[in-house]
Amino acid sequence: MTVAARLSPQPWMTAPESRAVFAALDAGGADARFVGGCVRDAWLGRPVKDIDIATHAPPERVMDLLEAAGIRVIPTGIAHGTVTALCGGKPYEITTLRRDVETDGRHARVEFTDDWVEDAARRDLTMNALSCTPDGAMFDPFGGLADLAAGRVRFVGEARRRIEEDVLRLLRFFRFHAHYGRGEPDAEALAACRELAPRLPTLSGERVRGELFRLLTAPCAAAVWRLMMGQGIMAHLLPEAMDTGRLDRLIAVERDLGITPDPTRRLAAVLDSDRPGALLAAEALRLSNHERDRLLALVEPPVALAPTDDRKALRQGLYRIGDGELFGDLLLIAAAIHDGPLDLTALRAAMSVAGDLPNLRLPIAGRDLLELGIPRGPAVGEMLKRIEGWWIAEDFQPGRDACLEVARGLIGERPS
Ligand code: ATP
Ligand code: MG
């Protein structure tokens, strides 16, 4: 394979930890390169998340070489050829070159190889089949660089066959189109996705969630979601997630306010559903309990919030919700639902009310009422509720003394 281009040295490539990992492999004569997402994103000047390395050496040999160099290594997926080196606290996923010998749409049986092109050929997209030596020589066996430049998301080989081998690739196609695509999606790939979409339900919820959540964080997630709905993809995944207009508006609001995209918040926006639909979506995507509860709270808010400049009303909402993050998310969704022009300054001010939460604590408790002579029992809770109601109506301003004063007043009213 000839060198296709040169990648200027990136900080993550020249970091002492990266150098140490490559030196350890090199010491044993193991040829190794950076592969996949880190090469692709570095070429585009985008931030690199995780670092994947591929090598000739079989996984046991990789472990030996790293350990001999004093680098900690974990056999994370040794049966599939993957180990994780932990060097200076940084993880490096190192995988032995592989080729597929058998695929069933969900899993692949792999064999190790020493052929870089074979390894690249089993990768999904041309832009994901790039590799790069530690000194920046880039290899591009399937035209990934030209595709990246053109914003063309394209399968390595025949789209239909590649999706049949692993149906997850259908979702990866749309996920990568959302983040790297420009213009019309590849027609051959789209036709294959349409045809093979009925196989999507065979995928595990975890894998579907991984792709959909990454897709949802893209700036054009709503447009790609619409594209997927139009191709009959979503009907097999999340038939209740159809409100792409609301997702469009949420994305615009997040962008205008400089708020980091959050997939659960975006999923809540696109879900055209109430509790039962959200529960189905949470189940289908195997959301964690925390994510499920957040999703439910977002589609069925415990308090109706509006992006108003009435700080007192907002504080009351915040107090009832009792969670600053959820309060902010609900405001963003309310803003996405809001008809007509949105006052961003007012919305920003409304969001900042979340910072008041630590101060919204009723300054008295049941034991204060006991000390004032209220007998233990339901009367304590009832009186506390009345005082709380007054304190909320006074915009949470009254302090402990004022609350105790009201308590004394109420005690005085009580029939003896
Ligand atoms: P990200 O930055 O989102 O992590 P990535 O390209 O690193 O992007 P991963 O899902 O981490 O994506 O996968 C790492 C690499 O493994 C990909 O670049 C691709 O070469 C290959 N790959 C991952 N999943 C598949 C798949 N289902 N079929 C074929 N190749 C795959
Ligand atoms: Mg990755």
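Residues numbered from 1 in each chain as written. Chains lettered and ligands numbered in written order. Predicted model: local features only at pLDDT ≥ 70, side-chain atom pairs only at ≥ 80, totals over all residues. Heavy atoms only, no water.

**Notes on helix α2 (residues 16–27)**
Then, number 1: For α2, with 12 residues, the first-to-last C-alpha span of 16 Å sits near the 16 Å given by 1.5 Å per residue.
Then, number 2: Listing the buried residues of α2 in full gives E17, S18, V21, F22, A24 and L25. Down the axis of α2, the smallest arc covering the buried residues is 155°, so these residues share one side. Projecting away from the buried face of α2 at angles above 90 degrees are the exposed residues P16, R19, D26 and A27. (Helix = DSSP H or I, 4+ residues; strand = E, 2+ residues; numbered from the N terminus. Expected span 1.5 Å × (residues − 1). Buried < 20%, exposed > 50% of the residue type's maximum accessible area, 1.4 Å probe, protein only. Arc of directions from axis to C-beta.)

**Thoughts on the packing of aromatic side chains**
How two aromatic rings sit relative to each other is given by the distance of their centres and the angle of their planes.
Then, number 1: Per the stated rule, a full pass over the model turns up 8 aromatic pairs.
Then, number 2: Measuring from ring centre to ring centre gives 5.8 Å for F176 and Y180, while their planes differ by 25°; the resulting arrangement is stacked. Within this pair, F176 and its partner Y180 are both found in helix α8 (residues 168–180), separated by 4 residues, close to a single helical turn.
Then, number 3: A relative accessible area of 10% means that Y180 is categorised as buried.
Then, number 4: When the ring of W391 is compared with that of F396, the centres are 4.9 Å apart and the planes differ by 90°; the resulting orientation is edge-to-face.
Then, number 5: The class of W391 is buried, set by a relative accessible area of 1%.
Then, number 6: Taking relative accessible area as the criterion, F396 reaches 7% and is therefore assigned buried. (Phe/Tyr/Trp six-rings, centres within 6.5 Å; stacked < 30°, edge-to-face > 60°.)

**Section: the domain arrangement of the protein chain**
Then, number 1: Domain annotation for the protein chain reports domain 1 (1–150), domain 2 (311–359) and domain 3 (366–413).
Then, number 2: Centre-to-centre, using C-alpha coordinates, domain 1 lies 45 Å away from domain 2. (Domains from an automatic or database assignment.)

**Remarks on the pairing of strand β3 (residues 51–55)**
Then, number 1: The buried count for β3 comes to 4 of 5 residues, which makes it a mostly enclosed element.
Then, number 2: Relative to β3, strand β2 (residues 32–35) is paired through 4 bridges, and the arrangement is antiparallel. Looking across to β3, one finds that A32 is bridged to T55.
Then, number 3: The pairing of β3 with strand β6 (residues 90–96) spans 5 bridges and is parallel. Across the sheet, the residue bridging to I53 is I94, located in β6. (Pairing = 2+ DSSP bridges.)

**Looking at helix α16 (residues 311–321)**
Then, number 1: If you check which residues of α16 are buried, you get L314, R315, G317, L318 and I321. Take α16 and look down its axis: the buried residues cluster within an arc of 160°, on one side only.
Then, number 2: Near the N-terminus of α16, the side chain that reaches the backbone nitrogen of K312, with its oxygen 3.2 Å away, is that of D310. (Polar contact = N/O pair within 3.5 Å; in protein donor to acceptor, adjacent residues only side chain to side chain.)

**Overview of the site of ligand 1**
Then, number 1: Around ligand 1 there are 17 residues in total, and R40, D166, R169, R172 and R175 lie nearest to it.
Then, number 2: D124 has a polar backbone atom sitting 3.1 Å from a nitrogen atom of ligand 1.
Then, number 3: Here an oxygen atom of ligand 1 sits 2.9 Å away from a polar atom, N or O, in the side chain of R172.
Then, number 4: Isolated, ligand 1 exposes 580 Å² of accessible area, and the fraction of that covered by the protein chains is 82%.
Then, number 5: Listed by contribution, the elements that provide at least two residues to the shell around ligand 1 are α3 (37–44) and α8.
Then, number 6: Here the shell around ligand 1 gets 4 residues from one element, more than from any other, and that element is α8. (Near = heavy atom within 4 Å. Areas by Shrake-Rupley, 256 points an atom, 1.4 Å probe, with all protein chains shown as cover.)

**Details of empty space enclosed by the protein**
Then, number 1: In total, this model carries 1 cavity of 30 Å³ or more according to the counting rule given.
Then, number 2: Taken as a whole, the largest cavity encloses approximately 60 Å³ of empty space.
Then, number 3: Lining the largest cavity, in full, are M1, R33, V35, W116, D119, A120, R123, A129, L130 and S131.
Then, number 4: Counting residues per element, the ones that place at least two in the lining of the largest cavity are β2 and α5 (116–121).
Then, number 5: The leading source of residues in the lining of the largest cavity is α5, at 3 residues. (1 Å grid on protein atoms, 1.4 Å probe; cavity = no way out; pocket = protein on both sides within 12 Å on 5 of 7 lines; lining within 4 Å. Points joined across faces, edges and corners; volume = space filled by probe spheres on them.)

**So, the nonpolar core**
Then, number 1: Counting residues in hydrophobic clusters, the biggest one holds 125 residues, and the most contacted among them are V21, F34, I53, F174, L212, I233 and L267.
Then, number 2: Among residues more than four places away in sequence, those in contact with F174 are L190, C193, L215, V224, L227, M228 and I233. (Core = buried A, V, L, I, M, F, W, Y, C linked by side-chain atoms within 4.5 Å. Contact = heavy atoms within 4.5 Å.)

**A look at the sheet that holds strand β5 (residues 82–87)**
Then, number 1: Across the sheet, 8 strands lie side by side as β1-β10-β9-β2-β3-β6-β5-β4; this open sheet has mixed pairing. Of all the strands in the sheet, just β1 (5–6) and β4 (72–77) have a single pairing partner and so form its edges.
Then, number 2: In this structure, β5 lies alongside β6, joined through 6 bridges in antiparallel fashion. Paired with L86 across the bridge in β6 is P91.

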